[in-house]
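Here is how the chains run, residue by residue.
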Amino acid sequence: MTAASPRSEPDALDLGLPAPVRAPGLPEEVRIHEVGPRDGLQNEGSLVPVEVKAEFIARLAAAGLRTVEATSFVHPKWVPQLADAEELVPRLADLPARHPGLRLPVLVPNERGLDRALAHHATDIAVFASATETFARRNLNRSADEAMAMFEPVVERATAAGIRVRGYLSMCFGDPWEGPVPAAQVIGFGVRLLEMGCTELSLGDTIGVATPGQVTALLEGFAAAGVPTGQLAVHFHDTYGQALSNTLAALRCGITTVDASAGGLGGCPYAKSATGNLATEDLVWMLHGLGIRTGVNLRTLVATSGWMADRLGRPSPSRTVQALLGADRG
């Protein structure tokens, strides 16, 4: 007889970790706005096959994520990684029926992009503005004010069609060309997007330079301007390792919607100092440890990011993925 193989050690999830401990003043539930399929994959050096993208989104939905940003109807010349949007979206048509409450927003850069989204029966779209002049010109090829004017008919038409519109505002904390961004400047552009008709405003730390005090001050500024916290979301990059601490600061200010990217995928093709997004797994680990509901099955999510890392041929930067799958596969 041969000896039985020794049982592998239980991992942290097997042991009931993270141990949930509620902290006062934090929300009971957080909605994660998953951006991996769009904001994550758009920054990949190689093109990801459309069938892999569709499977990735299906797996994210199966993990319990109920907002998964699927793609962008941007011109292929600017973001070739998302040139297959028309082919991808029909492959996702059955997901909302399989996962009630699932939303699959798409990014639209202008009215032409909106026309494409409407042709594919989009129910949620997003527009992408800049809080700084330099980034607006480099990313949108127009001034910040001209970009706002471009978005007005997009938001108006989408709202008239019953489509929910999210407004992204980039460079809310620092700009690689202009340095620190005044809070009043960010609030001014943010309020304009909301007054335009956006139902939600995501505040982006595009190059990952924010710190918790800066996050708190900006959110307090929006509150003083009369913007309800429920209309705001935060979008942190982890360039300097501050994404989770910044998220915790935002939660303490009443934020209940947080953007994250499965496996920590992403960056920004127009700001080379921007590294990956906050990893969804790392966010979920922290939230579950704080006793905050997310509806996400962490083990299923980690397996999904490991699966995608295999297809990309490189490790996931997520610390939670590395810890639970092993650094060689994470």
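Rules behind the numbers
- Residues numbered from 1 in each chain as written.
- Predicted model: local features only at pLDDT ≥ 70, side-chain atom pairs only at ≥ 80, totals over all residues.
- Heavy atoms only, no water.
- Helix = DSSP H or I, 4+ residues; strand = E, 2+ residues; numbered from the N terminus.
- Rg over C-alpha atoms; globule rule 2.2 N^0.38 Å.
- Buried < 20%, exposed > 50% of the residue type's maximum accessible area, 1.4 Å probe, protein only.
- Contact = heavy atoms within 4.5 Å.
- Lys, Arg positive; Asp, Glu negative; His and termini not counted.
- Charge placed at Lys NZ, Arg CZ, Asp CG, Glu CD.
- Axes fitted to C-alpha atoms, helices over the stretch in contact; angles between N-to-C directions.
- Parallel < 35°, antiparallel > 145°, perpendicular 65-115°, else oblique.
- Left-handed = near helix turned anticlockwise from the far one by under 90°.
- pLDDT = per-residue confidence, 0-100.
- Nonpolar A, V, L, I, M, F, W, Y, C, P; charged D, E, K, R; others polar.
- Core = buried A, V, L, I, M, F, W, Y, C linked by side-chain atoms within 4.5 Å.
- Pairing = 2+ DSSP bridges.
- Right-handed = clockwise from strand over helix to strand, strands pointing away.
- Phe/Tyr/Trp six-rings, centres within 6.5 Å; stacked < 30°, edge-to-face > 60°.
- Lys NZ or Arg CZ within 6 Å of the ring centre and 35° of its normal.
- Polar contact = N/O pair within 3.5 Å; in protein donor to acceptor, adjacent residues only side chain to side chain.

A few words on the overall build of the chain. Regarding its fold elements, the chain presents 13 helices and 10 strands. For a compact globule of 330 residues, the expected C-alpha radius of gyration is about 20 Å, and the chain comes in at 19 Å, within 12% of that figure. The buried share of the chain, taken over its 330 residues, is 54%. Counting contacts in the chain only where the partners sit at least 6 residues apart, residues at least 24 apart contribute 74% of the total. Charged side chains of the chain number 28 positive and 35 negative; the gap between the two group centres comes to 3 Å.

Take the packing of helix H9 (residues 212-224) against helix H10 (residues 243-252) next. Put simply, H9 and H10 touch, their axes get as near as 8 Å, and they point 30° apart. When the axis of H9 is compared with that of H10, the two are roughly parallel. When the axes of H9 and H10 are compared, the crossing they make is right-handed. Here Pro212, Val215, Thr216 and Leu219 of H9 lie close against H10, whose contacting residues are Ser245, Asn246, Ala249 and Ala250.

Geometrically, the link from leucine 17 to proline 18 is a cis peptide bond, its omega value of 0° lying close to zero. With respect to the helices and strands, the residue proline 18 is situated in the segment before strand E1 (31-34). The backbone phi angle of histidine 121 is positive, close to 60°, even though this residue is not glycine. Locating histidine 121 in the fold gives a position in the loop between helix H5 (111-119) and strand E4 (124-130).

Per-residue pLDDT for the chain has a mean of 93; in total, 94% of the residues score no lower than 70. Across residues 1-6, where pLDDT falls below 50, the model places 0 contacts with residues more than four positions away in sequence or in other chains. For the stretch residues 268-274, pLDDT sits under 50, and the model shows 24 contacts to residues farther than four places along the chain or on other chains.

It is worth spelling out the packing of helix H11 (residues 280-289) against helix H12 (residues 298-312) at this point. Closest axis-to-axis distance for the H11/H12 pair is 10 Å, and the angle between their directions is 165°. Of the possible angle classes, the one that applies to H11 and H12 is roughly antiparallel. Between H11 and H12 lies a crossing whose hand is left-handed. Touching Thr280, Glu281, Val284 and Trp285 of H11 are Leu298, Leu301, Val302 and Ser305, all from H12. When its residues are assigned to classes, the contact of H11 with H12 shows 5 nonpolar, 2 polar and 1 charged.

The next point concerns the nonpolar core. Counting residues in hydrophobic clusters, the biggest one holds 93 residues, and the most contacted among them are Ile32, Ile125, Leu169, Leu193, Phe222 and Leu251. In this view, phenylalanine 222 contacts Val186, Ile187, Gly190, Val191, Leu201, Leu203, Val227 and Leu232; residues no more than four positions away in its chain are not counted. With 8 residues, the next largest nonpolar core counts Val35, Phe135, Tyr168 and Met171 among its residues.

Taken across its 7 residues, E4 has 7 buried, putting it largely inside the fold. When strand E3 (residues 106-107) meets E4, the two strands line up parallel, connected through 2 bridges. Bridge pairing links valine 106 to isoleucine 125 in E4. In terms of handedness, the path from E3 via H5 over to E4 forms a crossover that is right-handed. Taken together, the 7 bridges between E4 and strand E5 (residues 164-170) define a ladder with parallel strand orientation. When the bridges of E5 are listed, aspartate 124 appears paired with arginine 164.

A separate point is the packing of aromatic side chains. A full pass over the atoms with the stated rule returns 2 aromatic pairs. Seen in terms of ring centroids, phenylalanine 128 and tyrosine 168 are 6.0 Å apart; in terms of plane orientation they differ by 45°. Their pairing is tilted. Here tyrosine 168 lies in strand E5 and phenylalanine 128 lies in strand E4, a separation of 40 residues in the sequence. For the pair shown, phenylalanine 128 and tyrosine 168 are each scored as buried. Taking 6.2 Å as the distance between ring centres and 45° as the angle between the ring planes, the aromatic pair formed by phenylalanine 173 and phenylalanine 236 counts as tilted. Of this pair, phenylalanine 173 sits in the loop between E5 and strand E6 (174-175) while phenylalanine 236 sits in strand E9 (residues 232-236), and the two are 63 residues apart along the sequence. Across the pair, phenylalanine 236 and phenylalanine 173 agree in class, each one buried. The cationic tip of arginine 38 hangs over the ring face of tyrosine 168; the distance from NZ or CZ to the ring centre is 5.4 Å.

With that settled, consider the environment of aspartate 259. When you line up the elements, aspartate 259 lands in strand E10 (residues 257-260). Residues aspartate 259 and valine 68 lie 191 residues apart in sequence; the distance between their C-alpha atoms is 9.9 Å. Here aspartate 259 is in contact with His33, Val35, Arg166, Tyr168, Ser202, Ala233, Val234, His235 and Leu278, once residues within four sequence places are set aside. Within polar-contact distance, the side chain of aspartate 259 engages the side chain of histidine 235 at 2.8 Å.

Before going further, it helps to examine the side chain of aspartate 39. For aspartate 39, the location among the structural elements is in helix H1 (residues 36-40). Take aspartate 39: its relative accessible area is 5%, and that puts it in the buried class.

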